[in-house]
Amino acid sequence: TVAGCGQAAPTAVPTEQPSEPVVPMAISEVSFLADDGLAVNGRYYKAEQPKAIILLFHQADSSLAEYATIAPKLVAQGYSVLAIDQRSGGSMFGPNQTASRYGKNATFNGALHDLEAALIWSRSAHLPVIVWGSSYSGALVFKLAERHSTEIIALLAFSPGEYLGAGRPVAAAAAELTIPVYISVGSN
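Let me sum up the structure you'll find in this document. In this text, all values refer to a predicted model and were calculated from it rather than measured experimentally. (Residues numbered from 1 in each chain as written. Predicted model: local features only at pLDDT ≥ 70, side-chain atom pairs only at ≥ 80, totals over all residues. Heavy atoms only, no water.)

1. Overview of the environment of E116
Mapped onto the fold, E116 is located in helix α3 (residues 112-122). Taking the C-alpha atoms as reference points, E116 and L144, separated by 28 residues in sequence, lie 7.0 Å from one another. If near-sequence neighbours (up to four positions away) are discounted, E116 is found in contact with L144, R147 and H148. (Helix = DSSP H or I, 4+ residues; strand = E, 2+ residues; numbered from the N terminus. Contact = heavy atoms within 4.5 Å.)

2. Quick word on helix α5 (residues 169-176)
Helical geometry note: an α-helix holds 3.6 residues per turn, so side chains three or four residues apart project in the same direction. Regarding α5, the residues found buried are P169, V170 and A173. Down the axis, α5 shows its buried residues gathered within 100 degrees of arc, on one side only. Elements that come into contact with the buried residues of α5 comprise α4 (136-147). (Buried < 20%, exposed > 50% of the residue type's maximum accessible area, 1.4 Å probe, protein only. Arc of directions from axis to C-beta.)

3. Quick word on the environment of H148
Here H148 is to be found in the loop between α4 and β6 (152-158). When the C-alpha positions of H148 and E116 are compared, they lie 9.3 Å apart, and in sequence the two are 32 residues distant.

4. Brief notes about the pairing of strand β3 (residues 52-57)
Moving residue by residue along a regular strand, the side chains alternate between the two faces of the sheet. With six of its six residues buried, β3 lies for the most part within the structure. Alternating positions in β3 separate into two faces, A52, I54 and L56 on one and I53, L55 and F57 on the other, with burial throughout. Here β3 runs beside strand β4 (residues 79-84); their pairing, made up of six bridges, is parallel. From the neighbouring strand, F57 faces β4, where its bridge partner is I84. Viewed along the sheet, the connection from β3 through helix α1 (residues 70-76) into β4 turns out right-handed. Taken together, the five bridges between β3 and strand β5 (residues 129-134) define a ladder with parallel strand orientation. Bridge pairing in β5 links I54 to I130. (Pairing = 2+ DSSP bridges. Right-handed = clockwise from strand over helix to strand, strands pointing away.)

5. Looking at the packing of α4 against α5
The contact between α4 and α5 brings their axes to 8 Å, and the two run at 45 degrees. When the axes of α4 and α5 are compared, the pair comes out oblique. In terms of crossing hand, the pair formed by α4 and α5 is left-handed. The residues of α5 that touch α4, namely those facing A139, F142, K143 and E146, are V170, A173, A174 and E176. For the contact of α4 with α5, the class distribution of residues is five nonpolar, no polar and three charged. (Axes fitted to C-alpha atoms, helices over the stretch in contact; angles between N-to-C directions. Parallel < 35°, antiparallel > 145°, perpendicular 65-115°, else oblique. Left-handed = near helix turned anticlockwise from the far one by under 90°. Nonpolar A, V, L, I, M, F, W, Y, C, P; charged D, E, K, R; others polar.)

6. Topic: α4
Relative to the 16 Å expected for twelve residues at 1.5 Å per residue, α4 spans 17 Å between its end C-alpha atoms, a close match to the ideal helical length. A large share of α4 lies buried, amounting to ten of its twelve residues. Taken together, the buried positions of α4 are Y136, S137, G138, A139, L140, V141, F142, K143, L144 and A145. Residues of α4 that are buried make contact with β3, α3, β5, β6, α5 and β7 (181-184). (Expected span 1.5 Å × (residues − 1).)

7. Section: the packing of α3 against α4
For the pair α3 and α4, the least separation of the axes is 10 Å and the interaxial angle reads 50 degrees. By the angle class used here, α3 and α4 are oblique. In this structure, the crossing between α3 and α4 has a hand that is right-handed. Contact with α3, carried on its side by L112, L115, E116 and L119, involves L140, V141, K143, L144 and R147 of α4 and no other residues of that element. For the contact of α3 with α4, the per-class residue count stands at six nonpolar, no polar and three charged.

8. Some details on a nonpolar patch on the surface
Nonpolar side chains collect at one region of the surface, where V181, I183 and V185 lie side by side and expose about 260 Å² of accessible area between them. The residue V181 is located in strand β7 in this model. Relative accessible area serves as the criterion here: at 38%, V181 is assigned to the partly exposed category. (Patch = residues over 30% accessible without salt bridge, like charges linked within 9 Å, V, L, I, M, F, W, Y side chains within 5 Å. Areas by Shrake-Rupley, 256 points an atom, 1.4 Å probe, with all protein chains shown as cover. Salt bridge = Lys/Arg side-chain N within 4 Å of Asp/Glu carboxyl O.)

Following this line, the structure appears as structure tokens:
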């Protein structure tokens with residue numbers, strides 16, 4: 001033991017993490033039809049006094065469960081949230097009811113029907129709409145926002161790419177937008 005080195009005695013480090021505050025919200029399972037007749041499943045997190053609704057769209061091979069930890073945090077910030085299972089998905093974070101009904105032939109572009117259906121469903125909330133996409137759905141939200149420029153007030157895209165065909169359709173849609181856009185991409 002070395003004495004007098006000037007180091008303070010070690011302090012105890014708490015072993016329990018502080019719990020996050022419980023935010024009142026209603027969570028409900030929803031289902032609605034896309035324009036081609038496919039039933040789309042979703043989970044709606046309703047804030048007490050929402051300032052907007054955020055539509056959450058998952059990445060390839062995933063499901064609405066991708067947002068199970070994020071949605072309550074968005075509700076805590078004052079947003080209602082709708083996360084959906086898209087036809088082009090899988091079970092990365094949990095089962096995808098929509099994809100399991102659709103089968104293996106889903107395309108990324110085909111999932112735009114599901115995003116459109118979620119937007120239509122959200123109209124009943126009578127709130128401003130923000131769209132949030134991850135990977136291929138991060139690309140699709142640009143097309144959705146371009147088509148519905150008067151309804152969507154902001155867009156968040158995480159790792160979007162030109163996944164939707166030749167001719168750079170994502171860049172073309174993005175060039176038409178006048179709403180706030182947030183894009184995040186990781187480095188390789």
